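Structural overview
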Amino acid sequence: MPRPKHAMEIFELLEKSNCRECGEKTCLAFAGAVFQGRRKIAECPKLDRQVIERFSGDDQSQNNGFQEGRDYLEELKRAAAATDLAAAAKRVDAKFSGDKLTLKVLGKDFSVDARGNLSADIHINPWVAVPFLNYVLYGKGLPVSGSWVSFRELNGGQERYALFQKRCEQSMKRVADIYTDLFNDMVHLFSGKQVEKQFESDISVVLHPLPAVPLMICYWLPEAGIESSLNVFFDETADKNLDVGSVFSLGVGLAQMFGKIALRHGYPEAVST
Ligand code: SF4
């Protein structure tokens, strides 16, 4: 589909129910946000895949599905180049050496230098690069409290929770139901830690996508006719150390990465919707 000339062209594709599941108050507001590049059309859970694909065409940024696009990443890199990284490193308790700030992302070194260049021991995906830079530039650097809350309880999380549930929690659950090594992979590949079972779950694993933004994945096995379930919890300080859009990106990005791992191990059904 050619690039829309105004928001009404996008509005015409929507259900127009103003159901708010996308976090916007109306379908028109959502159409405007998509037109301005602040939202992706795929963030309306009511659209079918064909409409999303037709709208997105070859435009990689539309296919991305995250709130932050490539332009935003470039903007953040420029902001990093204009920032005192030594002071930022003190604030977020990162290492600073030469002209480079380094901290751990999922247990691996991830750095930004004084020119805003990123380097890492893991693949640099936008879903992790954008939160990394937001954390360094704008995070408060508060210590982790140890109190777990759901995404919905974070500041700004309520409006996006339906989408978070669909694209993070349900997507991870689908993988966990089929690919039983998922939680071992979290521990061995991503420096996760299996912790004492929380909220009466069968498995609880804590990951650190950023040092002061841990997330805990709790999984309940199916039993006696009750379906399995999976919930993701964040430290209650997560929305102070990172903007909620970046917290969303980390959850959804991890879910997609787990899906790819399951696919590599021969479980295509773990990622089918
Ligand atoms: S989720 Fe879709 S249908 Fe519901 S308000 Fe948002 S744009 Fe409209």
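One numbering rule holds for all chains: residues counted from 1, following each sequence as written. Local features in a predicted model are, by the rule used here, given only for residues with pLDDT of at least 70; side-chain atom pairs are given and counted only at 80 or more, and totals for whole chains, interfaces and linings are based on all residues. Side-chain metrics rest on all non-hydrogen atoms present in the structure, leaving aside hydrogens and water.

Quick look at the packing of aromatic side chains
For Phe, Tyr and Trp, rings pair up if their centres lie within 6.5 Å, where Trp contributes its six-membered ring, and each pair is then called stacked (planes under 30 degrees apart), edge-to-face (over 60) or tilted (otherwise). In this structure the tally under the stated criterion is nine aromatic pairs. Ring pairs connect the aromatic residues Phe 151, Tyr 161, Phe 164, Phe 234 and Phe 248, which therefore count as one cluster. Arg 152 extends its terminal NZ or CZ atom over the ring of Tyr 161, reaching a point 4.5 Å from the ring centre. Cation placement over rings: the criterion is NZ of Lys or CZ of Arg within 6 Å of the ring centroid and within 35° of the ring normal.

Topic: the environment of Ser 228
Within the secondary structure, Ser 228 is located in the loop between β8 (213-220) and β9 (229-235). The sequence separation of Ser 228 and Asp 177 amounts to 51 residues, and the corresponding C-alpha distance is 7.5 Å. Residues in contact with Ser 228, not counting those within four places in the same chain, are Lys 173, Asp 177, Tyr 219, Trp 220, Leu 221 and Pro 222. At a separation of 3.0 Å, a polar atom in the side chain of Ser 228 contacts the side chain of Lys 173. A 3.5 Å cut-off defines polar contacts: any pair of N or O atoms within that distance qualifies, except that in protein one atom must be a possible hydrogen donor and the other a possible acceptor, and neighbouring residues in sequence count only when both atoms are side-chain atoms. Here the side chain of Ser 228 touches Asp 177 through a polar contact of 2.7 Å, side chain to side chain. Under the DSSP-based scheme used, a helix requires at least four consecutive residues in state H or I and a strand at least two consecutive residues in state E, with every element numbered from the N terminus. Contacts are assigned to residue pairs that have any heavy atoms within 4.5 Å of one another.

Comments concerning the site of the ligand
Nearness of a residue to a molecule or strand requires only that one of the residue's heavy atoms be within 4 Å of it. Neighbouring residues of the ligand: Glu 15, Ser 17, Asn 18, Cys 19, Arg 20, Glu 21, Cys 22, Cys 27, Phe 30, Cys 44, Pro 45 and Lys 46. Detection works on a 1 Å grid of protein atoms alone, calling trapped sets that fit a 1.4 Å probe cavities and calling open sets with protein on both sides within 12 Å along at least five of seven lines pockets, with lining residues defined by an atom within 4 Å of a point. Whether a molecule sits in a cavity or pocket is decided by its atoms, more than half of which must lie within 2 Å of the grid points. Assessed atom by atom at 2 Å from the grid points, the ligand resides in the largest cavity. When its residues are assigned to classes, the shell around the ligand shows six nonpolar, two polar and four charged. Three classes are used, and their members are as follows: Ala, Val, Leu, Ile, Met, Phe, Trp, Tyr, Cys and Pro are nonpolar, Asp, Glu, Lys and Arg are charged, and the others, Gly among them, are polar.

Digging into unusual backbone geometry
Positioned with a positive phi, Asp 93 is a non-glycine residue whose angle comes to about 60 degrees. Here Asp 93 is to be found in the loop between α6 (85-92) and β1 (95-97). Type-normalised accessible area, obtained with a 1.4 Å probe on protein chains alone, sets the label of each residue: buried when under 20%, exposed when over 50%, and partly exposed for intermediate values. On the accessibility criterion, Asp 93 (70% relative accessible area) is exposed. With a phi close to 50 degrees, Leu 106 is a non-glycine residue in the positive phi region. Examined against the element boundaries, Leu 106 turns out to sit in the loop between β2 (100-105) and β3 (108-113).

Some details on the packing of helix α7 (residues 126-138) against helix α11 (residues 244-264)
Relative orientation and spacing of two packed helices are given, respectively, by the angle between their axes and the distance between those axes. Axis definition: a line fit to C-alpha positions, over the contact stretch in the case of helices; interaxial angles, taken between N-to-C directions, run 0 to 180 degrees. At a closest axis distance of 9 Å, the pairing of α7 and α11 adopts a crossing angle of 150 degrees. It follows that α7 is roughly antiparallel to α11 by the angle criterion. Relative to α11, the crossing made by α7 is left-handed. Between α7 and α11, the contacting residues are Trp 127, Val 128, Val 130, Pro 131 and Asn 134 on the first element and Ser 246, Ser 249, Leu 250, Gly 253, Leu 254 and Met 257 on the second. The labels follow the angle: roughly parallel below 35 degrees, roughly antiparallel above 145, roughly perpendicular from 65 to 115, and oblique for the rest. Two helices crossing with the near one rotated counterclockwise from the far one by less than a right angle form a left-handed crossing, whereas a clockwise rotation gives a right-handed crossing.

Quick word on α6
Of the residues making up α6, those classed as buried are Leu 85, Ala 88, Ala 89 and Val 92. End-on view of α6: buried residues confined to an arc of 105 degrees, all on one side of the axis. The inward-facing, buried residues of α6 abut α5 (70-81), β1, β2, β3 and α7. With a side-chain oxygen positioned 3.1 Å from the backbone nitrogen of Ala 86, the residue opening α6 is Asp 84. What the arc describes is the spread of directions from the helix axis to the C-beta atoms.

What to know about the sheet that holds strand β4 (residues 118-120)
Strand order in the open sheet formed by four strands is β1-β2-β3-β4, with antiparallel pairing between adjacent strands. One side of each edge strand has no neighbouring strand; the edge strands of this open sheet are β1 and β4. When the angles between neighbouring strand axes are averaged without regard to direction, this sheet yields 25 degrees. As judged from the six bridges shared by β2 and β3, these two strands associate in the antiparallel manner. If you follow Val 105 over to β3, its bridge partner there is Lys 108. Each of β2, β3 and β4 touches α7; the most contacted strand, β2, lies at about 120 degrees to it. Strand pairing is assigned whenever DSSP detects at least two bridges linking the two strands.

What to know about the pattern of salt bridges
For salt bridges, the criterion is a side-chain nitrogen of Lys or Arg within 4 Å of an Asp or Glu carboxyl oxygen. Scanning the model with the defined rule gives 12 salt bridges in all. Note that Glu 15 is salt-bridged to Lys 46, the shortest N-O span being 3.6 Å. Placement of the pair is Glu 15 in the loop between α1 (7-11) and α2 (27-35) and Lys 46 in the loop between α2 and α3 (49-56), with a sequence separation of 31 residues. For Glu 15, a relative accessible area of 44% corresponds to the partly exposed category. We note a salt bridge from Asp 109 to Lys 104, for which the minimum N-O separation is 2.8 Å. Because the salt bridges share partners, they merge into one network encompassing Glu 15, Glu 21 and Lys 46.

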